[in-house]
Amino acid sequence: MAKFRKPSTDLFRATHDANLRKAQPLAARMRPRTLDEFIGQEHFLGPGKLLRRLLQADRLSSVIFYGPPGTGKTALAHVIAQHTKCRFRPLNAVAAGIKDVREILDEAKTELEQTGQRTILFVDELHRFNRAQQDVLLPDVEEGRVILIGATTQNPFFAVNSPLLSRGQIFTFEPLSRDHIKELLRRALADQERGLGSIPVNITDAALAFLAEISDGDARRALSALEIGVLSVEQRPVEFTLEVAQESIQRKALDYDATGDAHYDVASAFIKSMRGSDPDAAIYWLARMLESGEDPRFIARRIVILASEDVGNADPQALVVAAAALQAVEFVGLPECQLPLAQAVTYLATAPKSNAATVAITKAREDVRTGRTLPVPKHLRDASYQGAKQFGHGEGYEYSHDQPGAWSDQQYLPEERRYYEPTDRGYEAVIRERMEELRKKKENCQ
């Protein structure tokens, strides 16, 4: 009787790997395997650039990959592991705890001692680790027992502990260009091993351009849409038209966390565009905030502030318009309040600019904080209460409206100070002319 033989482990492993690959989405299957296959981030990975030099010299230390989703942070970590022949241990900070981290660090130390092989610990969403979890990494990272590659979509200067930042280098990933996305899509269509090359596809230039545009530089998003479009069409060859592309991808979700970088960066661009007198840019950033779900009251408050800070008396009507927009936002709400907001934004962007009032209050407050406190002159003090005359309060005060031109040559500060310097722009030019006249008149009276 023939003896039963257990199938080889290798046979099962091959089957398991094939099943896992089959379940993977196209974006995961198409991850680059070598540095030459990697697309994008030429500013630090191109020929002669820092990260490529570190890899070529085999002197890679711990690094933090910072950038938006789908720009290749995870893919590059896998490529680096292959390039350096290090053990690769991935960890997702959302699900992992201190115990998981300690186990990997202990394994890495043992492996280094016994075989000399180093371990790359790839921590995805590193910003999800709290301070204690990040601190656990410090000793092994500092001693070089493990190479940390941390990936984060949040600004590492806010999301990562300073000691951990100081022990590594930060590489900022940029969204992929339209040409990069197109190249990735064409590569996926041609690759018969990992991509969609076994399926005949005729993709139009319009469809390719649409996916490259709507994906917002996110390779994962573009490849997912391509896979959905190809697999959802039964006819062969697949006619991948613009209509198919449009039906294969949802309306893009804007990168805009109300407490994160995008919120502050877009708001900053919005304010600086109005200050810089560019109504088109200001309207774009306004639209970006509204489409991202920003609270319109936050936008309106920023407009009111800018009306005084950057327009000021060059156009006093600007504050009136801004305040009216704020009130309209409260009364009307979305979506209609976008109209008064747009009106206020374009008005402020095209208004003459002056920060003279802002400079004046800043200088005056600095004097109050750091200089000697000036006493109120006696003739300006409150004389309305019984007994004020006994102190000489109000004595000698000249009521301006009783004087010619409603102006009196009297002192309002015990020392000569000048804070408000009107510009020669807009209505402030009129103010400047009047101030100069009054100052000359004062000089002649002395």
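Residues numbered from 1 in each chain as written. Predicted model: local features only at pLDDT ≥ 70, side-chain atom pairs only at ≥ 80, totals over all residues. Heavy atoms only, no water.

Moving on to the packing of helix α16 (residues 296-311) against helix α17 (residues 317-332). Their axes nearest at 9 Å, the elements α16 and α17 cross at an angle of 170 degrees. Taken together, α16 and α17 sit at an angle that is classed as roughly antiparallel. Note on element contacts: α17 touches α16 through Ala318, Leu319, Ala322, Ala323, Leu326, Val329 and Glu330, opposite Pro296, Arg297, Ala300, Arg301, Ile303, Val304, Ala307, Ser308 and Val311. Grouping the constituent residues of the contact of α16 with α17 by class yields twelve nonpolar, one polar and three charged. (Axes fitted to C-alpha atoms, helices over the stretch in contact; angles between N-to-C directions. Helix = DSSP H or I, 4+ residues; strand = E, 2+ residues; numbered from the N terminus. Parallel < 35°, antiparallel > 145°, perpendicular 65-115°, else oblique. Contact = heavy atoms within 4.5 Å. Nonpolar A, V, L, I, M, F, W, Y, C, P; charged D, E, K, R; others polar.)

Soluble globular proteins: nonpolar side chains tend toward being buried together. Grouped together as the largest cluster of nonpolar side chains are 29 residues, with contacts concentrated most on Leu185, Leu226, Val230 and Phe240. Listing elements by their share of this core, those giving two or more residues are α2 (26-29), α10 (178-190), α11 (205-214), α12 (219-231), β7 (238-240) and α13 (242-247). Residues in contact with Val230, not counting those within four places in the same chain, are Leu189, Leu196, Ile199, Val201, Arg236, Val238 and Phe240. Counting 28 residues, the second-largest nonpolar core is a separate cluster that includes Ala282, Leu290, Ile299 and Ala300. (Core = buried A, V, L, I, M, F, W, Y, C linked by side-chain atoms within 4.5 Å. Buried < 20%, exposed > 50% of the residue type's maximum accessible area, 1.4 Å probe, protein only.)

Bringing the sheet that holds strand β1 (residues 63-66) into the picture now. Overall, parallel pairing links the five strands, which are arranged β2-β3-β4-β1-β5 in an open sheet. The outermost strands of the open sheet, each flanked by one partner alone, are β2 (87-92) and β5 (169-172). Put simply, the sheet's adjacent strands are angled 20 degrees from each other on average, direction ignored. As paired strands, β1 and strand β4 (residues 146-152) are joined by four bridges and run parallel to one another. Looking at the pairing, Ile64 lines up with Gly150 of β4. On top of the sheet, helix α5 (residues 73-84) reaches β1, β2, β3 (119-124) and β4; it is set at about 175 degrees to β3, its chief contact. (Pairing = 2+ DSSP bridges.)

Look at the link from Arg236 to Pro237: it is a cis peptide, with omega at -5 degrees. Tracing the backbone through its elements, the reader meets Pro237 in the loop between α12 and β7. Geometrically, the link from Leu334 to Pro335 is a cis peptide bond, its omega value of 0 degrees lying close to zero. Position of Pro335 among the secondary structure elements: in the loop between α17 and α18 (338-350).

Between its first and last C-alpha, helix α6 (residues 98-115) extends 26 Å over 18 residues, near the 26 Å set by a 1.5 Å rise per residue. Listed in full, the buried residues belonging to α6 are Val101, Ile104, Leu105 and Ala108. End-on view of α6: buried residues confined to an arc of 100 degrees, all on one side of the axis. Summarising the geometry of α6, the exposed residues directed more than 90 degrees from the buried face are Lys99, Asp106, Glu113 and Gln114. Along its buried surface, α6 packs onto β2, β3, α7 (131-143) and β4. (Expected span 1.5 Å × (residues − 1). Arc of directions from axis to C-beta.)

Our next topic: the pairing of β2. Across six bridges, the pairing between β2 and β3 is parallel. By the bridge assignment for β3, Pro90 is matched with Phe122. Regarding the hand of the β-α-β motif, the stretch spanning β2, α6 and β3 is right-handed. (Right-handed = clockwise from strand over helix to strand, strands pointing away.)

For the rest of this paragraph, the subject is the environment of Leu176. Within the secondary structure layout, Leu176 lies in the loop between β5 and α10. Considered as a pair, Leu176 and Gln41 are 135 residues apart in the sequence and their alpha carbons are 7.8 Å apart. Those residues in contact with Leu176 that sit more than four places away from it in its chain are Ile39, Gly40, Gln41, Gly70, Thr71, Ile181, Leu184, Gly217 and Ala219.

Here the focus is the pattern of salt bridges. What the rule picks out here adds up to 20 salt bridges. Residues Arg29 and Glu227 are paired through a salt bridge, measuring 3.4 Å at the closest nitrogen-oxygen approach. On the criterion of sequence distance, the pair formed by Arg29 in helix α2 and Glu227 in helix α12 is long-range, its members being 198 residues apart. A single burial state applies to Arg29 and to Glu227, both of which are buried. (Salt bridge = Lys/Arg side-chain N within 4 Å of Asp/Glu carboxyl O.)

Moving on: the environment of Leu208. Within the fold, Leu208 resides in helix α11. Remark: the alpha-carbon pair of Leu208 and Thr119, spanning 89 residues in sequence, is separated by 39 Å. With residues up to four places along the chain from it excluded, the contact list for Leu208 reads Lys182, Leu185, Arg186 and Ile203.

A few words on helix α15 (residues 279-291). Taking 1.5 Å as the rise per residue, α15 with 13 residues should run 18 Å; its terminal C-alpha atoms sit 18 Å apart, in good agreement. Buried residues of α15: Ala282, Leu286, Met289 and Leu290, and no others. An end-on view of α15 places all buried positions within 95 degrees of arc, on one side of the element. In α15, the exposed positions that point more than 90 degrees away from the buried face belong to Asp280 and Glu291. Just downstream of α15, Gly293 is the residue with a positive phi angle, here 90 degrees.

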